[in-house]
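Chain by chain, the residues:
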Amino acid sequence: MHAPPIRIGLGFDTHRLGNGGPLRLGGIDLPADVHAIGHSDADVLLHAITDAILGAGDAGDIGRLFPDTAEENRGRNSGEFLSEALRRVRAKGWEVVNLDCVVLAQQPKIAPHLDKMRQSISEIANLSPTQVGIKGKTGEGVGPIGHAEAVAARCVVLLYRCD
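Asker: It is not clear to me how the overall build of the protein chain should be interpreted in this structure. Could you clarify?
Answerer: Counting secondary structure elements, the protein chain contains five helices and seven strands. Its C-alpha atoms give the protein chain a radius of gyration of 15 Å, within 12% of the compact-globule value 15 Å for 163 residues. By principal-axis analysis of the C-alpha atoms, the protein chain measures approximately 50 × 35 × 25 Å. Classification of the 163 residues of the protein chain by burial places 48% in the buried group. Taking the intrachain contacts of the protein chain between residues at least 6 apart in sequence as the baseline, contacts between residues at least 24 apart amount to 72%. Here the protein chain displays about 8100 Å² of accessible surface, and carbon together with sulfur accounts for 52% of that area. Taken as two groups, the 17 positive and 20 negative side-chain charges of the protein chain have centres that lie 4 Å from each other.

Asker: Can you help me understand a nonpolar patch on the surface in this one?
Answerer: Nonpolar side chains collect at one region of the surface, where Ile6, Val97 and Tyr160 lie side by side and expose about 240 Å² of accessible area between them. Relative to the helices and strands, Tyr160 is located in strand β7 (residues 150-161). By relative accessible area, Tyr160 is classed as partly exposed at 34%.

Asker: Before we go on, may I ask you to explain helix α4 (residues 114-125) in this structure?
Answerer: Because an α-helix completes one turn every 3.6 residues, residues spaced three or four positions apart along the sequence face the same direction. For α4, spanning twelve residues, the distance from its first C-alpha to its last is 16 Å, which sits close to the expected 16 Å at 1.5 Å a residue. Listed as buried for α4 are Leu114, Met117, Ser120, Ile121, Ser122 and Ala125. On its buried face, α4 sits against β2 (23-25), β3 (28-30), α1 (44-56), α3 (78-91), β5 (94-104) and β6 (132-137).

Asker: Explanation requested: the pattern of salt bridges in the structure shown.
Answerer: It is possible for side chains bearing opposite charge to pair when their charged atoms get close. Per the counting criterion, the structure on display carries nine salt bridges. Notably, a salt bridge pairs Arg24 with Asp41, separated by 3.5 Å at the nearest N-O pair. Pair noted here: Arg24 is in strand β2 and Asp41 is in the loop between β4 (34-36) and α1, with a separation of 17 residues, a long-range link. The residue Glu95 makes a salt bridge to Arg90 at a minimum N-O spacing of 2.9 Å.

Asker: Sorry if this is basic, but what is going on with the packing of aromatic side chains here?
Answerer: Aromatic rings in a pair are described by how distant their centres are and how their planes are angled relative to each other. The tally for this structure, following the rule as stated, stands at one aromatic pair. Relative to Phe81, the ring of Phe66 has its centre 4.3 Å away and its plane inclined at 25°; by these criteria the two rings are stacked. Here Phe66 is found in the loop between α2 (62-65) and α3, whereas its partner Phe81 is found in helix α3, with 15 residues between them in sequence. For the residue pair Phe66 and Phe81, the accessibility class agrees, reading buried in each case. Here the guanidinium or amino end of Arg161 rests over the ring plane of Trp94, the centre of that ring lying 4.1 Å away.

How each quantity is defined
Residues numbered from 1 in each chain as written. Predicted model: local features only at pLDDT ≥ 70, side-chain atom pairs only at ≥ 80, totals over all residues. Heavy atoms only, no water. Helix = DSSP H or I, 4+ residues; strand = E, 2+ residues; numbered from the N terminus. Rg over C-alpha atoms; globule rule 2.2 N^0.38 Å. Buried < 20%, exposed > 50% of the residue type's maximum accessible area, 1.4 Å probe, protein only. Contact = heavy atoms within 4.5 Å. Areas by Shrake-Rupley, 256 points an atom, 1.4 Å probe, with all protein chains shown as cover. Lys, Arg positive; Asp, Glu negative; His and termini not counted. Charge placed at Lys NZ, Arg CZ, Asp CG, Glu CD. Patch = residues over 30% accessible without salt bridge, like charges linked within 9 Å, V, L, I, M, F, W, Y side chains within 5 Å. Salt bridge = Lys/Arg side-chain N within 4 Å of Asp/Glu carboxyl O. Expected span 1.5 Å × (residues − 1). Phe/Tyr/Trp six-rings, centres within 6.5 Å; stacked < 30°, edge-to-face > 60°. Lys NZ or Arg CZ within 6 Å of the ring centre and 35° of its normal.

It is worth stressing that arrangement in space is one thing and function is another; only the former is reported here.
Here's what the structure looks like:
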């Protein structure tokens, strides 16, 4: 059976928040009174994008490729995870059509930083900024997001076969 020329992937990540900033999202540091807690740089947006791409490209998942038990991943820049995910799916003949992402955070406000995050992601992924969609949503005071205890991101990616 021949695989269809397009594939969709879904990525999700969440991290607890701790006191003291900055908050790393989309490959940039946002001024904030909180930071995400994680083994790597805890960039939930890049983690969600990486998982979406790996899933769509049938190339594994972020936890298996970059385990949080591996010392070499401690404090690691999540842009390296995204670059490796893209290398793997591009080697299989896939290319990104677009990414559509949502960052869920009570603080800081995401809207003032959207353009810088889009530019950062497009540079890491070698995409046009028009291929990278990002929206910010609050938790409306509900649950871990709304109580500013956690930050999360979701991403959908569309890949097409380019060979």
